[in-house]
Amino acid sequence: MAERETWATRLGFLLAAIGSAVGLGNIWRFPFQTSANGGSAFLIVYLLAVLVIGLPAILAEFVIGRRANTSAIGAFRKLGRPRWWFVGAVGVIAAFWTLSYYSVIGGWVIRYIGGSVTGSALAAPEGYFGAISVGLSSIGTHAVFMLITIGIVALGIEDGIELATKVMVPAIVVMLVGLAVFAATLPGAGGGYAFFLDPDFDAVISNLGSVLPAAFGQALFSLSLGFSVMITYASYLGEDDSLPVDGFSIAVSNTAIGVLAGLVVLPLLFAQGIEAGGGGPGAVFVAIPTALAELPGGGLVGQAVGVVFFGVILIAALSSAISLLEAVVAYLVDNYGFSRLPTAAGLGGVIFVLGIPSAYDTAWLSWFDGIGVTLLLPLAVLLAVLFVGWVLGRDAIDELRTGSTGGSLAPIWLWWLRTVVLAVVVVVVLLNFNDLFL
Ligand code: PHE
Ligand code: NA
């Protein structure tokens, strides 16, 4: 059998992982969630969630992947704990499931780039969104998005994912910075910043019961945890990387890009006096285009900004989608020796079919999203934390230390994972179950 692929450089791994983390969640959810829940007071809670739970959990996934050197399901046999294979399986299923509708949204974004070029997306956004987000149109753009995703994954780790994200992640940063600078010139931008970040501690403290689970849930999703993605990406690493440094860099970049997105969308909306509530499709596909249409300088400015804005979202969504597909593809490639191209095409095709209901009718999309993000994701994180904390134990400490700066912190990390992280994730799972079923 051919030798297993690896990242060409450590930076390549980092950019791929950042590309996975930075996605729709950063742009259409995080800024609106922050502004609606207490501004920078919420940001503090979110940062705590990232540092206290997200970072230790991402290290747990890295440890599984790098130590096993194989993808998420086979990893447990390689680690000498074959009975725990289902931990990886839940994550792989979550990735499979989530990509099916993530791709539908990616397809809408492609459509909006076209609609910005022609101007039709900005002329009457509500009607435009209503028309393109359902039926055959939505199924068609879903197909296009899946084809691009398949194409990148089919090219492999170094020539596909690494090369693509090396271009994509810097492009996301450059385009968002450009948009933020533009937004800063708008009259009323200051009001948008205030709306985004003015601290309202009362909003956090008096709603702690909903703010805490929201912040922790968003932190896990935003760091791409629970989808076997970080296990898979770390499995292509060599021994010489410092996992804690990498995890920290990813957590910081992911949060910074979310804040940067807020510095774009909130001034844009605020300058036109448009409300966007808690985010989601209505914010990105209706509120933002409405604001763009009203920009000073006539329609062309709005159209140009729209192309860049939806362009960034497309790149962010694609660099996340390839990580989801890779988590599934790697399983078949590693365990059955299948070759990459047919595997990516075949699995991508099945995922496309699974996404057809979501593309056809947005009610299905919400249902898929509910199961994926509130059920499968926290369950998979819980299992991974339980496994690394209580089953892998000392081996996990050894692995985290390998190549690490700050390796002396490894025992503390493990203890923290076993207790605090596990307890918090259990609470998140129980709260979500309660919301879903009771
Ligand atoms: N982290 C991505 C986001 O914030 C979502 C995602 C989750 C992508 C899991 C890949 C894997 O949008
Ligand atoms: Na994210």
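What counts as what
- Residues numbered from 1 in each chain as written.
- Chains lettered and ligands numbered in written order.
- Predicted model: local features only at pLDDT ≥ 70, side-chain atom pairs only at ≥ 80, totals over all residues.
- Helix = DSSP H or I, 4+ residues; strand = E, 2+ residues; numbered from the N terminus.
- Rg over C-alpha atoms; globule rule 2.2 N^0.38 Å.
- Buried ≥ 20, exposed ≤ 12 C-beta atoms within 10 Å, placed from the backbone.
- Contact = placed C-beta atoms within 7 Å.
- Core = buried A, V, L, I, M, F, W, Y, C linked by C-beta atoms within 7 Å.
- Near = placed C-beta within 6 Å.
- Nonpolar A, V, L, I, M, F, W, Y, C, P; charged D, E, K, R; others polar.
- Axes fitted to C-alpha atoms, helices over the stretch in contact; angles between N-to-C directions.
- Parallel < 35°, antiparallel > 145°, perpendicular 65-115°, else oblique.
- Left-handed = near helix turned anticlockwise from the far one by under 90°.
- Bend = angle between axes of the 7 residues up to and from the residue.
- Expected span 1.5 Å × (residues − 1).
- pLDDT = per-residue confidence, 0-100.

Draft legend 1. Just the overall build of the protein, in detail. Regarding its fold elements, the protein presents 20 helices and 0 strands. Scaling as 2.2 N^0.38, a compact globule of 438 residues should have a C-alpha radius of gyration of about 22 Å, and the protein matches this with 21 Å. Taken along its principal axes, the extent of the C-alpha atoms in the protein is 65 × 50 × 45 Å. Buried residues in the protein amount to 55% of all 438 residues. Considering only contacts within the protein whose residues lie at least 6 apart along the sequence, 85% involve residues at least 24 apart.

Draft legend 2. How the structure looks around the nonpolar core. Counting residues in each nonpolar core, the largest one holds 162 residues, and the members touching the most others are Leu 325 and Val 385. At 21 residues, helix α16 (residues 299–336) tops the list of elements feeding residues into this core. Contact partners of Val 385, with chain neighbours within four places excluded, come to Ala 57, Ala 60, Leu 417, Val 421, Leu 422 and Val 425.

Draft legend 3. Region of the structure containing the site of ligand 1. What surrounds ligand 1 is a group of 14 residues, the closest being Gly 23, Gly 25, Ser 224, Phe 227 and Ser 320. The set of elements that each furnish at least two residues to the shell around ligand 1 consists of α1 (10–21), α2 (24–36), α12 (208–222) and α16. Along the lines of polarity and charge, the residues of the shell around ligand 1 split into 6 nonpolar, 8 polar and no charged.

Draft legend 4. Highlighting the packing of helix α3 (residues 40–68) against helix α14 (residues 243–271). Packing of α3 against α14 leaves a shortest axis separation of 9 Å and a crossing angle of 135°. Taken together, the axes of α3 and α14 are oblique relative to one another. For the element pair α3 and α14, the recorded crossing hand is right-handed. Taking contact as the criterion, the partners of Leu 47, Val 50, Gly 54, Leu 55, Ile 58, Leu 59, Phe 62, Val 63 and Arg 66 in α3 are, on α14, Leu 243, Pro 244, Gly 247, Phe 248, Ile 250, Ala 251 and Thr 255.

Draft legend 5. Geometry of helix α18 (residues 362–392). Remark: the principal bend of α18, roughly 30°, maps to Leu 376, with a proline, Pro 378, within the next four residues. Gly 393 lies just past α18 and shows a positive phi near 50°.

Draft legend 6. Just helix α9 (residues 157–184), in detail. With 28 residues, α9 should cover 40 Å at 1.5 Å per step; its first-to-last C-alpha distance of 38 Å lies within 8% of that length. Where α9 bends most, at Thr 165, the angle is about 25°. Along α9, the residues that are buried comprise Ile 157, Gly 160, Ile 161, Glu 162, Ala 164, Thr 165, Met 168, Val 169, Ile 172, Leu 176, Leu 179 and Ala 183.

Draft legend 7. The packing of α2 against α16, seen in detail. Where α2 meets α16, the closest approach of the two axes is 7 Å, and the angle between their N-to-C directions is 120°. In terms of axis orientation, α2 runs oblique to α16. Each of Leu 24, Asn 26 and Ile 27 in α2 lies in contact with α16, whose residues at this interface are Ile 313, Ala 316 and Ala 317. Of the residues belonging to the contact of α2 with α16, the class tally is 5 nonpolar, 1 polar and no charged.

Draft legend 8. Structural detail: the environment of Phe 285. With respect to the helices and strands, the residue Phe 285 is situated in helix α15 (residues 281–293). The buried category is assigned to Phe 285, around which 27 C-beta atoms lie within 10 Å. Once residues within four sequence positions are removed from consideration, Phe 285 is found in contact with Trp 108, Tyr 112, Pro 125 and Phe 129.

Draft legend 9. Region of the structure containing the environment of Arg 418. Positionally, Arg 418 belongs in helix α20 (residues 410–437). Taking the C-alpha atoms as reference, Arg 418 lies 6.9 Å from Leu 386; in sequence the two are 32 residues apart. Apart from the residues within four sequence positions on either side, Arg 418 is in contact with Gly 389 and Trp 390.

Draft legend 10. Region of the structure containing unusual backbone geometry. A positive phi is found at Asn 69, a non-glycine position, where the angle reads about 55°. For Asn 69, the location among the structural elements is in the loop between α3 and α4 (75–78). Phi at Ser 228 takes a positive value of approximately 60°, unusual for a residue other than glycine. As for its placement among the helices and strands, Ser 228 is situated in the loop between α12 and α13 (229–234). What makes Ser 228 buried here is the crowd of 36 C-beta atoms within 10 Å.

Draft legend 11. A look at the environment of Phe 352. Note that Phe 352 resides in helix α17 (residues 340–360). Phe 352 has contacts with His 142, Ala 143 and Met 146, leaving out every residue within four places of it along the chain.

Draft legend 12. Layout of the confidence of the model for the protein. With 99% of its residues at a pLDDT of 70 or more, the protein has an overall mean of 94. Per the prediction output, this complex has pTM 0.96; the corresponding ipTM is 0.98.

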